Amino acid sequence: MQPMPVVDHQPPWPDPASPWRRAVAGLLLMLAVVAALAAATIAWRLAAGDPLKLALQSTSALQARTLVHPSGNDSWGAMLAALHRAREAQPGSVYQRTLDLDRCKFQYPPASLLPLMVGPTPAGPVPCAEASPGGREGAVLDAARWPLKPWVDAALWLATLAQVAVALLVLRQVLGTTHRRGLRTAGLALLALGLSCYPLLNGWVLGQVQVLLNLCSALALLAVLRGRPALAGVLLGLCCLVKPQWVLMLLWAGLRREWRLAGAMLAVAVVGHGIGVAVFGWGMHADYVAFLRDLAGRGEAYWANQSVNGLLNRWFELQDPRRFVPDAFPPPNDWVRWGTLLSSALILAITLWRPAAAPATAAGIAAPEPSPEQRALDFGAMLAAMTLASPVAWPHHHAALLPLCALMLAVLARQGASRRAMLWLGGAYVLMAHEWLREDLYFASREFGLLASHLLVGALLTWGLLLRMRGAAAARPV
């Protein structure tokens, strides 16, 4: 007897009603626009008389080549310098001494230094502004000076690519696994987008602990989508050990009655910072609070600070936006301070406001519980708000928005959303993903310099789309 043939029940790939087809089309459109912008940038710079090498270096879409080189020391240099100053046990703030003596802007809480204490550290000071072989200002930390550096590079390399994998898992969770061809094609498209995404690769280039935080927040989003709030809380608690201001996520969790998420997050944060107090004492923590309070009003004027604070600093021309100052912050300015405070409060208040739920479908029947997608959209809006409300938001901070774009794309594709909605999402992503890597191209005048904040505009659009989609999902009867 002949065996029965295996029938593939997958919907045909050309079917325009296929959610996977719509999702892949959206990804390919984003990729095509980024490629076109990169080609246009290179052609423009060649026509302007730049040599080929400089023209190629003007676009961020080719930053994937940096993955074959060691990452930088942007975080590690400042952290090791601060650890050295803390071990000296000299009077005065560790944060101020690190800034004055090592020209390092150490901006993390004491608990962030705990992992560095379990392995060998460089002997002596670690100045952050010494000239490196590549001509970049930064601490020179190779394997000879810091034996853990190759291991740190390996962790960051994997974490960078893992964020692309998590974005694909978000797509798969929403759209399902019934279309293997769509899943494979989306994976390849997402990989190409990730390798051309400036915020994602910028964290690797600099050598930033934010790469690990972005991965934790992406995994937390996936955990919420899969109905595992306690795991999401643990991941957010780990983020709080480096960014204590993320404790505001507890406020979101309390207002949404996500008690398992809040409890797990609080437990991890309390234990971690408790160990920090035991090791470094209350004095260093008080110095950190004072430092953070001052930083919240000043921020950074350098063009890469893609926040409302950075935009205000550049508008009032408090520092040269083309040059990063390693040992000083912009001078105090009341317009910048109050503009930063009010914009941050407004962003958080809008996000924390709970959208109206769908009415009960019949008398005496309670309104339905939010679906996993509704929870994920609401959670994602708060994640985006945490970046937007910060006075200092470098491009690598905005890499946390990549899985949020994947979430919105999947929801829109499954719902058969209009082409207009897809274009808005694609536009928001492209504004965040591509960058000119030449500061002089932006700041011919103060007004033209506003274009340097297009990444901030893309992040605001992403946040706005999340708010709109979570409101529509909450109001939709189940």
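Above this text is the structure in question.
Residues numbered from 1 in each chain as written. Predicted model: local features only at pLDDT ≥ 70, side-chain atom pairs only at ≥ 80, totals over all residues. Heavy atoms only, no water.

Participant: Just checking my understanding: could you explain the state of the cysteines for this structure?
Facilitator: A covalent bond between the sulfur atoms of two cysteines is referred to as a disulfide. In the structure shown here, the tally under the stated rule is one disulfide. With no disulfide of its own, C197 lies 8.6 Å from the sulfur of C405, the closest cysteine sulfur. Counting only cysteine sulfurs, C216 is the nearest neighbor of C239, a cysteine outside any disulfide, at a range of 4.7 Å. (Disulfide = S-S within 2.5 Å.)

Participant: Please explain the environment of V68 as it appears in this structure.
Facilitator: Here V68 is to be found in the loop between helix 2 (52–56) and helix 3 (74–88). Residues V68 and P330, spaced 262 residues apart in sequence, show a C-alpha to C-alpha distance of 35 Å. (Helix = DSSP H or I, 4+ residues; strand = E, 2+ residues; numbered from the N terminus.)

Participant: So what exactly am I meant to see when it comes to a nonpolar patch on the surface here?
Facilitator: Together, L29, V33, L37 and L423 line one region of the surface with nonpolar side chains, adding up to about 310 Å² of accessible area. Summarising the element assignment, V33 is placed in helix 1 (residues 19–47). Relative accessible area serves as the criterion here: at 34%, V33 is assigned to the partly exposed category. (Patch = residues over 30% accessible without salt bridge, like charges linked within 9 Å, V, L, I, M, F, W, Y side chains within 5 Å. Areas by Shrake-Rupley, 256 points an atom, 1.4 Å probe, with all protein chains shown as cover. Salt bridge = Lys/Arg side-chain N within 4 Å of Asp/Glu carboxyl O. Buried < 20%, exposed > 50% of the residue type's maximum accessible area, 1.4 Å probe, protein only.)

Participant: For this particular structure, what's the right way to read the environment of H454?
Facilitator: The residue H454 is located in helix 17 (residues 454–475) in this model. Looking at H454, the relative accessible area reads 16%, which means it is buried. For the pair formed by H454 and L431, sequence separation is 23 residues and the distance between their alpha carbons is 5.8 Å. Not counting residues up to four positions away in its chain, the partners in contact with H454 are Q306, L431, H434, E435 and Y442. For H454, the side chain forms a polar contact with the side chain of E435, separated by 3.0 Å. Looking at H454, its side chain comes within polar contact range of the side chain of Y442, at 3.1 Å. (Contact = heavy atoms within 4.5 Å. Polar contact = N/O pair within 3.5 Å; in protein donor to acceptor, adjacent residues only side chain to side chain.)

Participant: Mind showing me how you'd approach the nonpolar core here?
Facilitator: Among soluble globular proteins, nonpolar side chains are generally buried collectively. Ranked by size, the top nonpolar core spans 132 residues in total, and within it F106, L171, L236, M249, F379, L407 and Y429 carry the most contacts. Discounting chain neighbours no more than four positions away, the residues touching F379 are A220, L221, V224, L236, M249, W252 and L261. (Core = buried A, V, L, I, M, F, W, Y, C linked by side-chain atoms within 4.5 Å.)

Participant: Would you mind going over the side chain of T160 with me for this structure?
Facilitator: Position of T160 among the secondary structure elements: in helix 5 (residues 149–175). Exposure remark for T160: the relative accessible area of 1% places this residue in the buried category. When residues no more than four places from it in sequence are discounted, the contact partners of T160 are L200, L201, W204 and V211.

Participant: What exactly am I supposed to notice about the packing of aromatic side chains here?
Facilitator: Aromatic ring pairs are described here by two measures, namely the spacing of the ring centres and the angle between the planes. As enumerated under the stated definition, the model contains 15 aromatic pairs in all. The interplanar angle of 65° and the centroid separation of 5.5 Å between the aromatic rings of W252 and F379 together place this pair among those described as edge-to-face. With W252 in helix 10 (residues 248–255) and F379 in helix 14 (residues 372–388), this pair connects stretches of sequence that are 127 residues apart. Among the residues examined, W252 registers a relative accessible area of 2% and is labelled buried. Grouped by ring-pair contacts, the aromatic residues W44, Y302, W303, F324, W394, W436, Y442 and F443 constitute a single cluster. A cation over an aromatic ring shows up here: R45 above the ring of W44, its NZ or CZ 4.7 Å from the ring centre. The positively charged end of K105 is found above the aromatic ring belonging to F329, 4.4 Å away from the centroid. (Phe/Tyr/Trp six-rings, centres within 6.5 Å; stacked < 30°, edge-to-face > 60°. Lys NZ or Arg CZ within 6 Å of the ring centre and 35° of its normal.)

Participant: Before we go on, may I ask you to explain the side chain of E435 in this structure?
Facilitator: Structurally, the position occupied by E435 is in the loop between helix 16 (419–433) and helix 17. The buried charged residue E435 lacks any salt bridge partner; its closest oppositely charged side chain belongs to R314, at an N-O distance of 9.0 Å. A distance of 2.4 Å separates a polar atom in the side chain of E435 from a polar atom in the side chain of Y442. Once residues lying within four places of it in the same chain are set aside, the contact partners of E435 are S58, T59, S60, Y198, W303, Y442, H454 and L455. (Lys, Arg positive; Asp, Glu negative; His and termini not counted.)

Participant: Please explain the pattern of salt bridges as it appears in this structure.
Facilitator: A pair can form between side chains of opposite charge whenever their charged atoms are brought close. This model, assessed by the stated rule, comprises 15 salt bridges. In this structure, the salt-bridge partner of D320 is R322, at a minimum N-O distance of 3.1 Å. On the accessibility criterion, D320 (31% relative accessible area) is partly exposed. Accessibility expressed as a relative area gives 44% for R322, which makes it partly exposed. Among the ionic contacts, a cluster of salt bridges with common partners joins R45, D50, R438 and D440.

Participant: Sorry if this is basic, but what is going on with the packing of helix 10 against helix 11 (residues 259–298) here?
Facilitator: Angle between the axes and distance between the axes are the two parameters that describe a pair of packed helices. At a minimum axis distance of 8 Å, the contact between helix 10 and helix 11 shows a crossing angle of 155°. When the axis of helix 10 is compared with that of helix 11, the two are roughly antiparallel. Between helix 10 and helix 11 lies a crossing of left-handed hand. In contact with M249, L250, W252, A253 and G254 of helix 10, helix 11 contributes W259, L261, A262, M265 and L266. Looking at the contact of helix 10 with helix 11, its residues break down into nine nonpolar, one polar and no charged. (Axes fitted to C-alpha atoms, helices over the stretch in contact; angles between N-to-C directions. Parallel < 35°, antiparallel > 145°, perpendicular 65-115°, else oblique. Left-handed = near helix turned anticlockwise from the far one by under 90°. Nonpolar A, V, L, I, M, F, W, Y, C, P; charged D, E, K, R; others polar.)

Participant: Would you take a moment to explain helix 10 for this structure?
Facilitator: Along an α-helix, residues three or four positions apart point the same way, because every turn accommodates 3.6 residues. Within helix 10, burial applies to M249, W252 and A253. Across the axial projection of helix 10, the buried residues extend over an arc of 95°, all falling on one side. Those residues of helix 10 hidden inside the fold are in contact with helix 9 (229–240), helix 11, helix 13 (334–352) and helix 14. (Arc of directions from axis to C-beta.)

Participant: Is there a simple way to think about helix 6 (residues 180–195) in this case?
Facilitator: The end-to-end C-alpha distance of helix 6 is 23 Å, a good match for the 22 Å that 16 residues give at a rise of 1.5 Å each. All of the buried residues in helix 6 are G182, A186, G187, A189, L190, L193 and G194. (Expected span 1.5 Å × (residues − 1).)

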